[in-house]
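Chain by chain, the residues:
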Amino acid sequence: MVVIIIICVLLLFAYVFDLTSAVTKIPSVILLLVLGWGIRQVSVLSNRPIPDLSGLLPIFGTLGLVLIVLEGALDLEMNRSKFPLVRRTFLTAIVSMLALAFGFAFVLNYFMEIPFKTALVNVIPICVISSSVAIASAGNLSGTVKEYVIYESSLSDILGVLFFNFVAFNEYITFNSLGGFGLNLVVMIVISLVATIALSFLLSRINHHTKYAPIIILMILIYALSEVFHLPALIFILFFGLFLGNIDELKKIKFFRKIKDNSVKEINMFRDMVREGTFLMKAFFFILFGYSFQTSEIINPDTLLMSISITASIFLFRWILLYIAKVPVSPLLYIAPRGLITILLFLAIPATETIAGVNKSLIIQVIVFSSLVMMIGMMFSNNKPKESSPNVDEKIFPPSENDELIIEENF
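Remember, predicted model here, so these are calculated numbers, not experimental data.

(A) Up close: helix H2 (residues 28–45). An ideal rise of 1.5 Å per residue puts 26 Å on 18 residues; H2 measures up with 26 Å between its terminal C-alpha atoms. Among the residues of H2, those classed as buried are Ser28, Val29, Ile30, Leu32, Leu33, Leu35, Gly36, Arg40 and Ser43.

Here is the structure:
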């Protein structure tokens with residue numbers, strides 16, 4: 001009974017953190033990590049045994065990642081006017097990840113004589129923007145900026161997992177491995193389309209009083225099975241969320257008119273359930289991760305200089321990239337936190353590829369520093385970027401004749 005009371009109190013604390021983050025500008029993730037770490041200190045001071053809960057991290061992390069990407073995708077509008085935004089965020093996400101990963105790997109390879117492939121596997125986790133932190137922190141931003149953050153961080157997660165799996169699970173990078181990677185991508189896209197349509201029809205046809213839980217369970221099952229075969233499973237989650245969130249647009253296509261009209265109401269209720277589940281999974285994960293912290297890992301002087309250098313490089317390159325892309329720097333510059341996806345990829349590094357330089361202390365410090373930069377930046381930012389000339393976007397992404405460039409009015 002005591003455990004139940006503790007869990008309820010912790011979740012209520014997490015809810016308060018979520019409510020107050022809009023006022024304090026302190027990311028709830030930071031407070032959850034501190035809460036978990038504080039509980040550990042209380043246990044140490046009271047001479048209570050410290051249970052090893054690290055085995056639960058991948059479980060809660062995976063569930064949290066799935067629900068966070070799904071929640072973000074459900075809130076996105078997909079129409080012709082959004083194409084410039086999608087192209088822009090895709091390019092910034094992939095260029096940032098690849099440039100940082102190859103840059104950090106080169107440094108490890110050159111100065112520490114670590115094999116380049118091994119170095120690349122180890123640095124990819126810290127080169128991916130965490131949607132779990134970024135999307136939650138963008139909740140109070142203006143519409144266009146919030147959309148930018150959701151698209152960029154979700155795409156960064158997906159591309160990061162793709163890139164990590166390709167490098168980690170291919171001993172050699174050859175034309176055969178590239179061909180296999182391309183085949184896996186095509187297979188996952190086909191699976192995503194079929195599964196998305198099937199689950200959507202199922203959602204609109206189930207009349208039983210329990211209907212959302214089976215859909216979510218099937219969705220997670222498809223994700224897990226895809227991961228077992230090293231397929232890019234997050235693509236399915238993104239497809240499914242975008243499909244449900246834009247069902248009205250899709251009903252213009254004759255095939256999708258078979259979905260019942262009341263499905264819009266059902267989707268809104270489904271969205272609410274996903275939000276509730278996302279909150280619970282995120283709270284459990286970050287409290288558990290904070291609980292796994294040892295004070296010596298947080299203030300480890302051996303990794304402090306490297307973690308500061310990595311964090312500075314991340315935001316310096318981000319500033320350069322946003323400037324070149326003609327994207328308003330503030331507040332987007334600061335919203336590049338590392339978090340849940342960083343931890344999951346770090347835990348997934350094969351035992352044969354681990355190196356001493358990239359350890360738990362380094363990961364913790366980079367997560368904390370990047371979140372602090374975001375927190376401070378959001379405090380001093382007006383959260384509303386200045387408007388730029390419509391011609392700016394046309395220079396970067398020339399629109400087609402049919403594009404409705406609404407985004408250009410805001411960016």
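(B) Seen up close, the confidence of the model for the protein. Taken over all residues, the pLDDT of the protein has a mean of 82, while the share at 70 or more is 88%. Long-range and interchain partners of residues 385–411, a stretch whose pLDDT sits below 50, account for 45 contacts in this model, where long-range means more than four residues apart.

(C) Up close: the pattern of salt bridges. Applying the stated criterion to the full structure yields five salt bridges. Glu71 is paired through a salt bridge with Arg275; the nearest N and O atoms lie 3.8 Å apart. Of this pair, Glu71 sits in helix H3 (residues 57–74) while Arg275 sits in helix H12 (residues 263–291); the two residues are 204 residues apart in sequence, bridging distant segments of the chain. Across the pair Arg318 and Glu152 runs a salt bridge, and its minimum N-O distance is 2.9 Å. In this pair, Arg318 is assigned in helix H14 (residues 301–324) and Glu152 in helix H7 (residues 143–168), connecting sequence segments 166 residues apart. Ionic contacts of the salt-bridge type, sharing partners, join the residues Glu71, Asp272 and Arg275 into one network.

(D) Here's a closer look at the environment of Ile237. Among the secondary structure elements, Ile237 is positioned in helix H10 (residues 234–245). A sequence separation of 171 residues divides Ile237 from Val66, and the C-alpha atoms of the two residues are 6.8 Å apart. Apart from residues no more than four positions distant in its own chain, Ile237 is found in contact with Val66, Val69, Leu70, Met219 and Tyr223.

(E) Main features of H10. With twelve residues, H10 should reach 16 Å at 1.5 Å per residue; the first-to-last C-alpha distance of 16 Å fits that figure. The buried fraction of H10 is high, at ten of twelve residues.

(F) A look at the packing of aromatic side chains. Tallying each qualifying case throughout the model produces 15 aromatic pairs. An angle of 40° between the planes, with centres 6.2 Å apart, marks the rings of Phe13 and Phe17 as tilted. Of this pair, Phe13 and Phe17 both sit in helix H1 (residues 2–24), four residues apart, roughly one helical turn. Owing to a relative accessible area of 14%, Phe17 belongs among the buried residues under this scheme. Here the aromatic rings of Phe289 and Phe293 are separated by 4.9 Å at their centres, their planes lie at 80°, and the arrangement is edge-to-face. Taken together, the aromatic side chains of Tyr212, Phe236, Phe240 and Phe270 make up a single cluster linked through ring pairs. The ring of Tyr291 carries Arg40 above its face, with NZ or CZ at 6.0 Å from the centroid.

(G) Broad picture of unusual backbone geometry. With an omega of 5°, the peptide bond between Ser330 and Pro331 qualifies as cis. Looking at the secondary structure, you find Pro331 in the loop between H14 and helix H15 (340–347). For Asn47, which is not glycine, the phi dihedral falls at a positive 60°. As for its placement among the helices and strands, Asn47 is situated in the loop between H2 and H3. Classification of Asn47 by relative accessible area gives exposed; the value is 70%.

(H) Expanded view of the environment of Val373. Checked against the element boundaries, Val373 lands in helix H16 (residues 360–379). Taking C-alpha positions, Val373 is 8.9 Å from Thr311, a pair spaced 62 residues apart along the chain. Not counting residues up to four positions away in its chain, the partners in contact with Val373 are Thr311, Phe315 and Tyr334.

Definitions and limits used
- Each residue is numbered by its place in its chain's sequence as written, counting from 1.
- Per-residue local features are limited, in this predicted model, to residues with pLDDT of at least 70; the limit for side-chain atom pairs, both in listing and counting, is 80 or more; totals at the level of whole chains, interfaces and linings are taken over all residues.
- Side-chain measures here rest on the full set of heavy atoms in the structure, leaving out hydrogens and waters.
- Under the scheme used here, helices are H or I runs from DSSP no shorter than 4 residues and strands are E runs no shorter than 2 residues, and both carry numbers assigned from the N terminus.
- A helix is expected to reach a length of 1.5 Å times the quantity of its residues less one.
- The buried label applies to any residue whose accessible area, calculated with a 1.4 Å probe on protein chains only, is under 20% of its type's maximum; exposed applies above 50%, and partly exposed to all values in between.
- A residue's pLDDT is the confidence the predictor assigns to it, expressed on a 0 to 100 scale.
- Any two residues having at least one pair of non-hydrogen atoms within 4.5 Å are treated as being in contact.
- We count a salt bridge whenever a side-chain nitrogen from Lys or Arg sits within 4 Å of a carboxyl oxygen from Asp or Glu.
- Between rings of Phe, Tyr and Trp, where Trp is taken as its six-membered ring, a pair exists when centres lie within 6.5 Å; planes separated by under 30 degrees are stacked, by over 60 edge-to-face, and by other angles tilted.
- Note on criteria: charge over ring means Lys NZ or Arg CZ within 6 Å of the ring centre, with the direction from the centre no more than 35 degrees off the ring normal.

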